[in-house]
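# Descriptive structure summary
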Amino acid sequence: MQSLTLRATLHHHQRRALLKASRRGGKGGRTMVVVSSSMASSFPSSRTTGPSKSSSSSFFPSSSIGVSQRRALLTKATFYPKSSSSSSSSSSSSSSSSSAARKVSARAESSSSSSSLSTFAPEAETSTTRRTRLKRVLSGVQPTGSIHLGNYFGAIKNYVKLQDEHDAYYCVVDLHAITAGGHSPKELEESTRKSAAIYLAAGVSPDKASVFVQSHVAAHSELCWLLNCVSPIGWLEKMIQFKEKARKQGEDVSVGLLDYPVLMAADILLYNADLVPVGEDQRQHLELTRDIAGRFNNLYGGNKWKKRGKNEKSPSGRYRGKDVLIVPEAFTPKSGGRVMSLTDGSAKMSKSNPAEGSRINVLDSPDVIAQKIKRCKTDAVEGMSYDDERPEAKNLLTMYELCTGMSREEVLNECASMRWGEFKPALTEVVVNHLKPIQERYEEIMSEEGYLDSVLEQGAVRANEVAEKTCADVRDAMGFVHRKSRYPSM
Ligand code: AQP
């Protein structure tokens, strides 16, 4: 198996060019390529934070670097032959690949402040020290249907903003996607990959955030079960989303749908997340997460946890006697926290709405976007305003604001006097222009064989590392007999 771990500060396109080049040179055993910041500095900056700041022109296709430059990169790259892995297990073992990947990640991380690959300054920051220094952020989108502008502005765009200053974990929550019951296995698989690729295309960088698939970290399901046993059923029955979706599903409503918020609590609490970027519709679930964490800490944390062992340290190395689970905060943007439907300004834009014309998907073509905006609901008032009494006008102006990055005042200066017939083409243009670079990057990511899988694998390795520790502490606090060995979860 050939596994490439590309970190440091390169743009993903740059890494992909390297990936291609190294494939040609790395036949045989596992090949790990580490790229130093000094190498990265010869290319355009990778600190792209959003689609508006970058376009496909900033990426470096293999043709844009000279042969000698590429050769120099590959000569500088450090190769870890199979035998150098710390694990002696078979080449296909994910645990050996995990430990090697961690090693490489840590090296790449520390190399970001050094001028040469062979010199690792002792004071250089490692991935571990960076992680302990930064506050942690966790979030995810379920791979049901297509990601729409609500998901993008309510959640994903904030993933990109927060990744610079946080230890970020972003997952595609595939276990949540099956709670509606009767899903198509083929669509789940496709949608999971598509969603992960959209995260990356929107600007989430695997250099800054761990991007992974929820079901690749078995601890999500385990912690969900443990938390189920401390969560009163009455709390779950009160959830608005459960009531609305259960009404639509009738008698076929699954236990999974009721349990959705406990799984979401597990997702968040596993990573000891400080901050969770979510749209307004998920704030109630986040409140529930806080309640579940509080209840767990009351039942098993503090002094009760302290008495659980002679050793004052927990399995993960934390001091017993404190809260076992961190109570998180929600992060919801002022604008974009609730993007409304195109066909009903009082209902949120949603993946599960059977009317395709009610939403704009991130991957919709310009023609489809133009059609949807042309047909969207309007009112009979002349001119455009952010009036609460005019939910459709307010929603579409907010969309204009979000796509252009303009303030409300600027949007009004430009659009207040427009009629619907004038405003709709203007809105179409800014939406299409905003989504164009994302769609182009999406195509590139999907066409690069192996790239997405390598990102997801590396993300899952890091996520498992953190999640396993929290789960071990939770089991310890609850009184489960310690496991003598770690079982591979992937
Ligand atoms: N309309 C929206 N406006 C702003 N944010 C939104 N989110 C969802 N809809 C809007 C946010 O997107 C993130 C991922 O959502 P999810 O995949 O968990 O699904 P959801 O919240 O149930 O909403 P969907 O995507 O419309 O799906 P369905 O139709 O199944 O309800 C979350 O942070 C969410 O807040």
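Quick look at the structure, then. (Residues numbered from 1 in each chain as written. Predicted model: local features only at pLDDT ≥ 70, side-chain atom pairs only at ≥ 80, totals over all residues.)

Before going further, it helps to spend a moment on the overall build of the protein. Per the secondary structure count, the protein includes 18 helices and five strands. Per-residue burial over the protein gives 44% buried out of 490 residues. Nonlocal contacts in the protein, meaning residues at least 24 apart in sequence, comprise 76% of its contacts between residues at least 6 apart. (Helix = DSSP H or I, 4+ residues; strand = E, 2+ residues; numbered from the N terminus. Buried ≥ 20, exposed ≤ 12 C-beta atoms within 10 Å, placed from the backbone. Contact = placed C-beta atoms within 7 Å.)

Contact geometry for helix 7 (residues 185-201) and helix 17 (residues 420-447): axes closest at 8 Å, N-to-C directions at 125 degrees. On the basis of their axis angle, the class for helix 7 and helix 17 is oblique. Considering how the two elements wind past one another, helix 7 and helix 17 form a crossing that is right-handed. From helix 7, Ala197, Ile198, Leu200 and Ala201 reach across to helix 17, where they touch Ile438, Arg441, Tyr442, Ile445 and Met446. Residues belonging to the contact of helix 7 with helix 17 are distributed by class as follows: eight nonpolar, no polar and one charged. (Axes fitted to C-alpha atoms, helices over the stretch in contact; angles between N-to-C directions. Parallel < 35°, antiparallel > 145°, perpendicular 65-115°, else oblique. Left-handed = near helix turned anticlockwise from the far one by under 90°. Nonpolar A, V, L, I, M, F, W, Y, C, P; charged D, E, K, R; others polar.)

The subject of this paragraph is the site of the ligand. Not every one of the 19 residues close to the ligand is listed here, only the nearest: Gly150, Gly154, Gly279, Ser350 and Ser352. A total of four residues in the shell around the ligand trace back to one element, the largest contributor, which is helix 6 (residues 149-163). Its residues assigned to classes, the shell around the ligand comprises five nonpolar, ten polar and four charged. (Near = placed C-beta within 6 Å.)

Below, the discussion takes up helix 18 (residues 451-478). Taking 1.5 Å of rise per residue, the 28 residues of helix 18 would be expected to cover 40 Å, and the 40 Å separating its terminal C-alpha atoms lies within 8% of that figure. Burial analysis of helix 18 places 21 of its 28 residues in the buried class, the great majority of the element. Gly479 sits one or two positions beyond helix 18 and adopts a positive phi of about 100 degrees. (Expected span 1.5 Å × (residues − 1).)

By the secondary structure assignment, Glu443 is in helix 17. The spatial distance from the C-alpha of Glu443 to the C-alpha of Ile198 is 9.6 Å, given a sequence separation of 245 residues.

Along the chain, Glu429 falls in helix 17. Taking the number of C-beta atoms within 10 Å as the measure of exposure, Glu429 has 17 and is therefore partly exposed. Separated by 26 residues in sequence, Glu429 and Cys403 place their C-alpha atoms 9.7 Å apart.

So, about the pairing of strand 3 (residues 209-213). Of all five residues in strand 3, five are buried; the element is thus mostly enclosed. Along strand 3, one buried face is formed by Ala209, Val211 and Val213 and the opposite face, lined by Ser210 and Phe212, is buried too. As defined by bridge partners, strand 2 (residues 166-172) adjoins strand 3 across five bridges and the pair is classed as parallel. In the strand pairing of strand 3, Tyr169 is matched with Ser210. Note on the crossover from strand 2 through helix 7 to strand 3: the handedness is right-handed. (Pairing = 2+ DSSP bridges. Right-handed = clockwise from strand over helix to strand, strands pointing away.)

Let us now look at the nonpolar core. Residues Tyr199 and Val211 are the most contacted members of the largest nonpolar core, which totals 95 residues. The element contributing the most residues to this core is helix 18, with eleven residues. Residue-level mapping places this core at the junction of two domains, with at least three residues from each of domain 2 (131-336 + 454-478) and domain 3 (356-447). Look past the residues within four positions of Val211 in its chain and what remains in contact with it is Tyr170, Ala196, Tyr199, Leu200, Val204, Pro206, Val455, Leu456 and Gly459. (Core = buried A, V, L, I, M, F, W, Y, C linked by C-beta atoms within 7 Å. Domains from an automatic or database assignment.)

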